Amino acid sequence: MTTRAATAADLDAIMALEHASFPTDAWSPAMMREELASPHGWYVVVEEAGRLVGYAGLRAVRGSRDADIQTITIAESARGRGRGRALLSELLVEAERRGVHEVFLEVRADNPVAQALYASEGFAEVGRRPRYYQPDDVDAIVMQLDLRGWAARRTPDDATTTTTGKGWC
Ligand SMILES: CC(C)(COP(=O)(O)OP(=O)(O)OC[C@H]1O[C@@H](n2cnc3c(N)ncnc32)[C@H](O)[C@@H]1OP(=O)(O)O)[C@@H](O)C(=O)NCCC(=O)NCCS
């Protein structure tokens, strides 16, 4: 497994995964292109045997104490083997580098797998947005992480994670 910063050249592979993972509310290629190019963003991808099997994005405006996890997706065939957690950690490490204190995200109320991942990293529910996801009419759960607490809980092994280089989850 290799993780690296995403580039504009990853757009097609990212969009293929986006449509497979979010059949009813995928972002458009234009939105994704803008996200990848934004100076306020930080997108990472994970590859296996040269194939892109996941991506994740952070929005952290320089100088702001808050940041958002924008998206995180692992190809169905590659799930359940730690890749989602690895990408989330990459985003949180970058948020730390940018001086962020609080990280927010929105997750579908009918997505217990993603909720479990976030809760296990220390995110806690702080609100709900009724019927936020359309056309499915599903609520969004808003979650928040105290990033300094998260950093303090990391083990030395976790700290070796490096990537050089919707919240609408
Ligand atoms: C959510 C997602 C990114 C998780 O990625 P992943 O690589 O499968 O997850 P990991 O293997 O890193 O597992 C991390 C944690 O997620 C939770 N999890 C993973 N698979 C799970 C399952 N089948 N059932 C319940 N919890 C699960 C567990 O808390 C797990 O921690 P553990 O292994 O210590 O028990 C992936 O399922 C995915 O892409 N889903 C579709 C897109 C999506 O819903 N994105 C999130 C939008 S907010």
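Conventions we followed
- Residues numbered from 1 in each chain as written.
- Predicted model: local features only at pLDDT ≥ 70, side-chain atom pairs only at ≥ 80, totals over all residues.
- Heavy atoms only, no water.
- Helix = DSSP H or I, 4+ residues; strand = E, 2+ residues; numbered from the N terminus.
- Rg over C-alpha atoms; globule rule 2.2 N^0.38 Å.
- Buried < 20%, exposed > 50% of the residue type's maximum accessible area, 1.4 Å probe, protein only.
- Contact = heavy atoms within 4.5 Å.
- Salt bridge = Lys/Arg side-chain N within 4 Å of Asp/Glu carboxyl O.
- 1 Å grid on protein atoms, 1.4 Å probe; cavity = no way out; pocket = protein on both sides within 12 Å on 5 of 7 lines; lining within 4 Å.
- Points joined across faces, edges and corners; volume = space filled by probe spheres on them.
- Nonpolar A, V, L, I, M, F, W, Y, C, P; charged D, E, K, R; others polar.
- pLDDT = per-residue confidence, 0-100.

Novice: Break down the overall build of the chain for me, with residues and values.
Specialist: Across its full length, the chain holds five helices and seven strands. When the helices and strands of the chain are listed from N to C terminus, the series reads β-α-α-β-β-β-α-β-α-β-β-α. In summary, the chain has a C-alpha radius of gyration of 15 Å against a globular reference of 15 Å for 169 residues, a match within 12%. A buried classification covers 49% of the 169 residues belonging to the chain.

Novice: Provide a residue-level description of the side chain of Gln115, including the pertinent values.
Specialist: Along the chain, the position of Gln115 falls in helix 4 (residues 112-120). Of the residues examined, Gln115 reaches a relative accessible area of 19% and is grouped as buried. If near-sequence neighbours (up to four positions away) are discounted, Gln115 is found in contact with Val107, Arg108, Ala109, Asp110, Ile141 and Met143.

Novice: Tell me about the pattern of salt bridges, and please be specific about residues and values.
Specialist: Enumeration according to the criterion identifies twelve salt bridges in this entry. Note that Glu94 is salt-bridged to Arg97, the shortest N-O span being 2.5 Å. Remark: Arg97 and Glu94 occur in helix 3 (residues 83-97); sequence separation between them is three residues, near one turn of the helix. What makes Glu94 buried here is its relative accessible area of 7%. If you follow the salt bridges from partner to partner, you end up with Asp25, Arg108, Asp110 and Asp136 in one network.

Novice: Lay out unusual backbone geometry in plain terms, naming residues and giving numbers.
Specialist: With an omega dihedral of 15 degrees, the bond running from Gln134 to Pro135 counts as a cis peptide bond. Within the secondary structure, Pro135 sits in the loop between strand 6 (124-133) and strand 7 (138-146). Of note in the backbone geometry, Arg131 takes a positive phi value of approximately 55 degrees without being a glycine. With respect to the helices and strands, the residue Arg131 is situated in strand 6.

Novice: Let's hear about the layout of surface pockets: which residues, and what values?
Specialist: Picture a little ball the size of a water molecule; that probe, rolled over the atoms, points out where space is still empty. The calculated volume of the largest pocket comes to roughly 650 Å³. If you go around the largest pocket, you meet 25 residues; those closest to its centre are Ile72, Arg79, Asn111, Val113 and Ala114. Examining the composition of the lining of the largest pocket, we find that four residues originate from one element, helix 4, more than from any other. Tallied by class, the residues present in the lining of the largest pocket amount to eleven nonpolar, seven polar and seven charged.

Novice: Describe in detail the confidence of the model for the chain, supporting the description with residues and values.
Specialist: Mean pLDDT over the chain: 93, with 92% of residues reaching 70 or higher. Low confidence marks residues 160-165, where pLDDT is under 50. Its contacts with residues over four positions away, or in another chain, come to 14 contacts.

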